[in-house]
Amino acid sequence: MTAKRTLPGRVLLVGGGGREHALARAMVTSPLCEALYCAPGNAGIAEVAHCVPIGAEDVDGIVRFAKEENIAFVVVGPEGPLVLGLVDALEAAGVPAFGPDRKAARLEGSKGFMKDICAKYGVPTAAYARFQDVEAAKAYLRTQGAPIVIKADGLAAGKGVTVARTLAEAEAAIEEALVGDRFGAAGRDIVIEELLEGEEASFFALVDGEAVVPMIAAQDHKAVGDGDTGPNTGGMGAYSPASVVTAALASEIMERIFLPTARGMVAEGCSFRGVLFAGLMIGKGGVKLLEFNIRFGDPECQVLMARLESDLLAALVAAQEGRLDEVAFRWRKEAALCVVMAAKGYPGAYEKGTPIQGIAEAETLPDVVVYHAGTKAEENRLLAAGGRVLGVTALGETIEAAQRLAYEAVDRIDWPDGFCRRDIGWRAVGR
Ligand code: AMP
Ligand code: GLY
């Protein structure tokens with residue numbers, strides 16, 4: 001007797017950024033996907049899926065839609081709805097969904113929870129302490145000195161981390177979170193941790209309970225300006241492979257980080273199922289975990305999907321159904337590089353609704369895909385509708401070749417109100 005399989009059937013993707021456009025393009029080609037829906041999607045996703053105007057965090061709206069439209073499988077892109085319990089609500093309604101439930105989502109939703117799991121199960125991370133009381137936090141700070149890192153416990157839209165170079169800066173960050181309520185409830189608990197030095201990389205794996213299937217590594221560029229200057233953003237570009245993550249290091253990352261975490265989550269009664277994204281610091285003392293995310297990275301997902309040869313949807317369904325033993329990913333040998341184009345002013349205030357042209361011209365280049373992040377279509381025009389707007393992604397024999405092609409594509413896009421970094425991939429190109 002063969003087990004009942006969820007798909008083929010209708011698939012709903014939740015989210016509307018560049019990551020989701022990359023996931024949508026990968027999933028729609030699967031023989032398992034009879035029709036693809038996306039809530040809420042964007043103008044690029046609308047070319048491959050039926051977009052429905054339901055917000056990614058509208059849990060009740062998504063569950064209702066999934067039932068009414070007879071959706072067979074839901075894939076959740078962003079962390080927000082996962083932390084809110086969207087997967088719990090869908091499964092309670094009988095709709096299979098890919099992503100961690102609310103309890104497992106704490107690996108990203110609470111930095112203190114993540115640190116406690118790492119401490120208990122021997123996962124290498126920065127030394128830390130957790131605080132709610134401002135005086136206790138400052139007393140600890142004085143014993144540690146600067147530089148040091150202060151983090152709001154909860155989700156803070158990428159703004160909850162302060163890398164403090166001086167004690168005064170650290171004190172100010174503690175005060176802002178615990179007294180000033182800068183992050184609301186998300187910052188009423190904080191983690192103070194040791195500053196780690198080295199080179200950052202991201203590594204992804206599918207997890208179902210104790211089973212872990214590695215994907216690949218990528219590197220992101222968080223700072224807004226060339227040469228890694230200026231404020232941090234959600235990510236201004238990414239590339240893969242990341243040569244700092246050698247095959248030997250990838251096995252070490254599996255053995256020392258992913259496997260003990262997966263086992264620990266099972267032991268704690270909050271088994272993790274979904275994609276687990278480790279933000280790593282590779283330094284003199286070896287590899288350490290900076291953070292876990294419970295979803296694909298954005299824009300890391302864009303380069304992962306550009307390199308993926310296997311059926312993504314089949315792998316996500318296998319993970320959800322507890323059949324990860326059937327999954328082995330195949331990747332293109334070529335490198336992929338994604339340049340994010342953002343609205344001028346981002347990550348500060350920026351204008352919305354400015355017109356964009358030239359995407360079709362950019363995509364006539366071979367091995368170039370322009371993923372949409374914040375876009376909308378209006379009367380046959382494409383308009384910017386967010387901070388990060390496009391992810392211009394190219395494949396090449398080497399990172400240098402992918403970089404050259406990605407910027408050739410960027411230069412075909414006519415968007416006077418946008419900008420991008422001109423040095424995505426610099427570390428890899430310089431090596
Ligand atoms: P997180 O939201 O925890 O990923 O932190 C955002 C960014 O802050 C990371 O990508 C790092 O660049 C930096 N960061 C976080 N924790 C540390 C740490 N312990 N040492 C050095 N940099 C850190
Ligand atoms: N690009 C970093 C992230 O998605 O968290």
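For the structure itself, look to the data block above.
Right, let's walk through the structure included here.

Criteria and cut-off values
Residues numbered from 1 in each chain as written. Chains lettered and ligands numbered in written order. Predicted model: local features only at pLDDT ≥ 70, side-chain atom pairs only at ≥ 80, totals over all residues. Heavy atoms only, no water. Near = heavy atom within 4 Å. Polar contact = N/O pair within 3.5 Å; in protein donor to acceptor, adjacent residues only side chain to side chain. Areas by Shrake-Rupley, 256 points an atom, 1.4 Å probe, with all protein chains shown as cover. Phe/Tyr/Trp six-rings, centres within 6.5 Å; stacked < 30°, edge-to-face > 60°. Helix = DSSP H or I, 4+ residues; strand = E, 2+ residues; numbered from the N terminus. Axes fitted to C-alpha atoms, helices over the stretch in contact; angles between N-to-C directions. Parallel < 35°, antiparallel > 145°, perpendicular 65-115°, else oblique. Left-handed = near helix turned anticlockwise from the far one by under 90°. Contact = heavy atoms within 4.5 Å. Nonpolar A, V, L, I, M, F, W, Y, C, P; charged D, E, K, R; others polar. Pairing = 2+ DSSP bridges. Salt bridge = Lys/Arg side-chain N within 4 Å of Asp/Glu carboxyl O. Buried < 20%, exposed > 50% of the residue type's maximum accessible area, 1.4 Å probe, protein only. Expected span 1.5 Å × (residues − 1).

## Notes on the site of ligand 2
- The local shell around ligand 2 consists of Asp220, Gly234, Phe277, Asn293, Arg295, Gly297, Asp298, Pro299 and Glu300.
- Here an oxygen atom of ligand 2 sits 2.9 Å away from a polar atom, N or O, in the side chain of arginine 295.
- One of the backbone N or O atoms of aspartate 298 is found 2.9 Å from a nitrogen atom in ligand 2.
- When isolated, ligand 2 has an accessible area of 190 Å², and the protein chains bury 89% of it.

## Overview of the packing of aromatic side chains
- Counted by the stated rule, this structure contains eight aromatic pairs.
- Three or more aromatic residues link up through ring pairs in this structure, and these residues are Phe203, Phe258 and Phe292.

## A look at the site of ligand 1
- The local shell around ligand 1 holds 13 residues, among which Glu193, Glu194, Leu196, Glu200 and Glu291 are the closest.
- Take glutamate 194: an N or O atom from its main chain is 2.9 Å from a nitrogen atom of ligand 1.
- Summarising the interface, the protein chains cover 88% of the accessible area of ligand 1, which totals 470 Å² for the free molecule.
- When contributions to the shell around ligand 1 are tallied by element, the ones reaching two or more residues are β7 (148-152) and β16 (286-293).

## Regarding the packing of helix α1 (residues 18-28) against helix α10 (residues 300-307)
- The contact between α1 and α10 brings their axes to 8 Å, and the two run at 20°. Judged on the interaxial angle alone, α10 and α1 are roughly parallel. Between α1 and α10 the crossing geometry is left-handed. Residues Gly18, Arg19, Ala22, Leu23 and Ala26 of α1 pack against Cys301, Gln302 and Met305 of α10.
- The residue inventory of the contact of α1 with α10, partitioned by class, reads five nonpolar, two polar and one charged.

## Re the sheet that holds strand β20 (residues 375-378)
- The antiparallel open sheet is built from three strands, whose spatial order is β18-β21-β20. Looking at which strands have only one partner, the edges of the open sheet turn out to be β18 (355-356) and β20.

## Digging into the pattern of salt bridges
- Counting across every chain of the model gives 26 salt bridges.
- The closest approach of N and O atoms between arginine 130 and aspartate 153, which form a salt bridge, is 3.7 Å. Note that arginine 130 is positioned in strand β6 (residues 128-131) and aspartate 153 in the loop between β7 and β8 (161-164), a separation of 23 residues in sequence.
- One salt bridge in this structure joins glutamate 200 and lysine 222, with 3.9 Å as the shortest N-O distance. With glutamate 200 in strand β10 (residues 199-208) and lysine 222 in the loop between β11 (211-220) and β12 (223-225), this residue pair connects regions lying 22 residues apart in the sequence.
- Residue glutamate 200 is classed as partly exposed on the basis of its relative accessible area of 41%.

## Concerning helix α13 (residues 399-410)
- With twelve residues, α13 should reach 16 Å at 1.5 Å per residue; the first-to-last C-alpha distance of 16 Å fits that figure.
- Counting buried positions along α13 yields nine of twelve residues, so the element is predominantly enclosed.
- Buried within α13 we find Ile399, Ala401, Ala402, Gln403, Leu405, Ala406, Tyr407, Ala409 and Val410.
- Those residues of α13 hidden inside the fold are in contact with β14 (237-240), β17 (335-343), α12 (359-363), β19 (368-372), β22 (388-396) and α14 (426-430).

Read these as spatial facts, not as claims about activity.
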